[in-house]
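Survey of secondary and tertiary structure
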Amino acid sequence: MEEKRDRMSQLPDDILLLILGKMDTFEVAKTTILSRRWKHLWRLVPSLRFHLSCTGHYVFDLEDLTIRFSHMVSRCLSHRDSAAAVLDFHLSLDVPSYCNVDDEFLDEIVEECVLYAINHDVQSVRVHTNGSLTLPKAFISCKTLRELDLRQSYMVSVPGRLSLPNLKTLYLETELCFRGNDNKMEPFSGLPELEKLTLIDTSLIGLGSVQP
């Protein structure tokens with residue numbers, strides 16, 4: 001066992017960061033207890049993956065569970081190396097409709113995470129949730145974003161025109177509601193570099209009669 005630990009410690013940071021980037025961020029943060037070698041490494045991981053699952057919990061425990069999740073997310077973000085980029089961001093919120101979690105609460109989690117990712121040059125964003133949510137205004141004009149995946153949401157509110165100059169891949173499995181836009185505007189006209197578009201059970205609201 002000692003030999004294996006020593007060999008693992010000898011791997012370069014780039015390799016260790018690739019391994020850690022495939023794991024849930026909360027689990028990655030726990031690696032700080034392994035040794036001095038790992039104490040600060042998690043703060044540099046370029047992929048953030050947060051997953052909240054309410055499956056199997058009693059209804060009266062769900063509000064506390066979501067609050068603790070929010071606090072843990074905030075703590076992880078605040079303890080990362082502020083100079084470390086976030087290339088890949090994945091937020092998954094599995095919150096059953098019967099748990100009565102306020103949509104505003106979900107919006108706050110999404111806004112905190114997405115704005116953090118934008119400020120750290122994010123290239124890929126995936127948000128999977130079965131609730132309604134509103135995208136932060138700063139997000140819809142992110143210049144570094146190359147991949148966007150939104151799915152399972154009841155409805156995603158878009159507070160303006162999508163203007164993502166470097167987006168190449170867009171996957172939508174949700175209802176998009178454009179707010180404050182000219183209803184004659186083409187929904188994807190602000191995506192000049194788009195190469196792959198996937199629409200599954202998607203409807204577009206607020207753009208006149210435009211439908212995929």
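Residues numbered from 1 in each chain as written. Predicted model: local features only at pLDDT ≥ 70, side-chain atom pairs only at ≥ 80, totals over all residues. Heavy atoms only, no water.

**Here's the deal with unusual backbone geometry**
Note on backbone geometry: most residues besides glycine have negative phi, and most peptide bonds are trans. Even without being glycine, Asp121 reaches a positive phi, approximately 60 degrees. By the element assignment, Asp121 lies in the loop between α5 (103-118) and β3 (124-129). (Helix = DSSP H or I, 4+ residues; strand = E, 2+ residues; numbered from the N terminus.)

**Focus on the sheet that holds strand β10 (residues 203-205)**
Here 4 strands make up an open sheet; going across it, the order is β4-β6-β8-β10 and the pairing parallel. With one partner strand each, in any of the chains shown, β4 (133-134) and β10 form the two edges of the open sheet. As defined by bridge partners, strand β8 (residues 175-178) adjoins β10 across 3 bridges and the pair is classed as parallel. Bridging from a neighbouring strand, Glu175 pairs with Ser203 of β10. (Pairing = 2+ DSSP bridges.)

**Section: the nonpolar core**
Of all hydrophobic cores here, the largest spans 45 residues; its most connected members are Phe50, Phe69, Phe89, Leu145 and Leu148. When residues of this core are assigned to their parent elements, the largest contribution, 9 residues, is made by α5. In this structure, Phe69 is in contact with Phe26, Phe50, His51, Leu52, Leu91, Leu93 and Ile109, ignoring residues within four places of it in sequence. With 9 residues, the next largest nonpolar core counts Leu16, Leu17, Leu20 and Ala29 among its residues. (Core = buried A, V, L, I, M, F, W, Y, C linked by side-chain atoms within 4.5 Å. Buried < 20%, exposed > 50% of the residue type's maximum accessible area, 1.4 Å probe, protein only. Contact = heavy atoms within 4.5 Å.)

**Things to note about the pairing of strand β7 (residues 169-173)**
The pairing of strand β5 (residues 147-151) with β7 spans 5 bridges and is parallel. Its bridge partner being in β7, Arg151 is matched across the sheet by Glu173.

**Looking at empty space enclosed by the protein**
Applying the stated criterion across every chain yields a total of 1 cavity of 30 Å³ or more. As a volume, the largest cavity reaches approximately 60 Å³. Surrounding the largest cavity, Leu135, Leu148, Leu150, Val158, Leu162, Leu164, Leu170, Leu172, Leu176 and Phe188 form its lining. Taken together, the elements giving at least two residues each to the lining of the largest cavity come down to β5 and β7. Considered class by class, the residues forming the lining of the largest cavity number 10 nonpolar, no polar and no charged. (1 Å grid on protein atoms, 1.4 Å probe; cavity = no way out; pocket = protein on both sides within 12 Å on 5 of 7 lines; lining within 4 Å. Points joined across faces, edges and corners; volume = space filled by probe spheres on them. Nonpolar A, V, L, I, M, F, W, Y, C, P; charged D, E, K, R; others polar.)

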